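So the chains spell out like this:
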Amino acid sequence: MADEHSKVRILLADEQPLFRDAVKLVLESQPDLKVVAEAQDGLQAVSAAEQHSPDVALIGANLPNCDGIRATYLIRERAPTCRVVILTEEEEEDTLLAAVEAGASGYLTKESPLAELIAAAHTVHRGETVVPSRMLGGLLGRLILRRREKEQALRRAARLSRREREVLALLAEGGDNGSIAQALVISPETARTHIQNVLAKLGVHSRLEAAAFVVQNQILDDLVGVDR
Amino acid sequence: MSISLKEGCPSRRADVWLRQAGEENALYDPRTGSLHLLNHTAFAIWDLCDGQTRPEEMIEAICQLSGHHRDVVAEDVERILGGFDKENLLDWMS
């Protein structure tokens, strides 16, 4: 029997109490697994991860009040040592990609045998990744596509001056002329000119389109680092 | 271990059949009549051999997903592609 300190500590988040109870019973039948917290929605899951610092979080994808993908992102941000496994109703490539991009280490469907769930908890705790084998090729293909799109977007962003990239970053965060001018200590007219230049250089037609360009290609953090 | 791969993007030879039965995957080469069993990683890499994806991109994606060290992943990918190549299952696109 593993002593309390060597057990893998698990957070279990799912909307359905019956599912949680059943999974908890199975997990705790293992000598080296312990459920230290439960949550029935996404915000509770994030809060429980911060409070209990579990080793592994098993998170339902369709949690109310902050879905499982968003909760995964927040858990990875606020409890970075916690490894997350996303549980979905069925295999969905979009959810798998979103889960991986949010920082999940594992992905299982609720149709999986319980033995796979137990194995997944151990596997991600060892620092490895769990993805259904039949989805692996498609996932890698989409990660490659994402990377190509991001590289292409960064090449477009490299046409902008440093100041214009700062303006674009602020635009993507929802800034208007006034707030951008204030943040960069320039006049609103100058901010407006920079914005017009950004739109023209990126070949987009609106501020919304420019913001979407940044968000969809996930280049916000890279913008200030891009050299001309 | 060092394996040198050809330049360009590997492409599955059009006449090679992929046979799937449950969790098992195998390639059948009608030219030689040979059958090649694939593990999960080899199957995923076979899937990526579309003539447009560079081995380097495969390595980067697997690193991103697994968090493994690049050298380890590169060795695996090169060994698997080298194995396909040795069996003449690939064409290489420039």
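As the structure is a computational prediction, the values presented were derived from the model and not from experiment.

A.B. asks: How should the domain arrangement of chain A be read in this particular structure?
C.D. replies: By a widespread convention, an interface's size corresponds to the accessible area lost as its parts come together. Split into domains, chain A comes out as domain 1 (4–131) and domain 2 (148–225). Summarising the inter-unit geometry, the C-alpha centres of domain 1 of chain A and domain 2 of chain A are found 36 Å apart.

A.B. asks: Quick question: what am I supposed to make of the confidence of the model for chain B here?
C.D. replies: Close inspection of predicted coordinates is inappropriate for parts of the model with low pLDDT. Residue and element names in this part refer to chain B. Per-residue pLDDT for chain B averages 90, and the proportion of residues at 70 or more is 95%. Of all secondary-structure elements in chain B, the lowest mean pLDDT belongs to strand 2 (residues 17–21), at 87, while strand 1 (residues 9–12) reaches the highest, 96. With a pTM of 0.83, the predicted complex shows an ipTM of 0.84.

A.B. asks: Is there a simple way to explain helix 9 (residues 188–202) of chain A in this structure?
C.D. replies: The α-helix advances 3.6 residues per turn, and as a result positions three or four apart in sequence lie on the same side. All names here are of chain A. Helix length check: helix 9, at 15 residues, gives a terminal C-alpha distance of 21 Å against a target of 21 Å (1.5 Å per residue), a fit within 8%. Three or more residues of helix 9 are buried, namely A191, H194, I195 and V198. Axial view of helix 9: buried residues confined to an arc of 100°, hence all on one face. In this structure, helix 9 carries E189, Q196 and A200 as exposed residues pointing more than 90 degrees from its buried face. Elements that come into contact with the buried residues of helix 9 comprise helix 7 (162–172), helix 8 (177–184) and helix 10 (207–216). One or two positions beyond helix 9, positive phi appears at G203, with a value near 70°.

A.B. asks: Help me understand the sheet that holds strand 2 (residues 33–39) of chain A, please; the structure alone is not making it clear to me.
C.D. replies: The strands making up a sheet associate through backbone hydrogen bonding, with each pair oriented either parallel or antiparallel. Residue and element names in this part refer to chain A. Taking strand neighbours across the sheet as the criterion, the 5 strands line up as 2-1-3-4-5 in an open arrangement whose pairing is parallel. Either end of the sheet is taken by a strand with one partner, and the two such strands are strand 2 and strand 5 (106–109). Looking at each pair of strands side by side, their axes are set apart by 25° on average, direction ignored. As paired strands, strand 4 (residues 83–88) and strand 5 are joined by 4 bridges and run parallel to one another. Along strand 5, the bridge assignment pairs T88 with T109.

Conventions we followed
- Residues numbered from 1 in each chain as written.
- Chains lettered and ligands numbered in written order.
- Predicted model: local features only at pLDDT ≥ 70, side-chain atom pairs only at ≥ 80, totals over all residues.
- Domains from an automatic or database assignment.
- pLDDT = per-residue confidence, 0-100.
- Helix = DSSP H or I, 4+ residues; strand = E, 2+ residues; numbered from the N terminus.
- Expected span 1.5 Å × (residues − 1).
- Buried ≥ 20, exposed ≤ 12 C-beta atoms within 10 Å, placed from the backbone.
- Arc of directions from axis to C-beta.
- Contact = placed C-beta atoms within 7 Å.
- Pairing = 2+ DSSP bridges.
- Axes fitted to C-alpha atoms, helices over the stretch in contact; angles between N-to-C directions.

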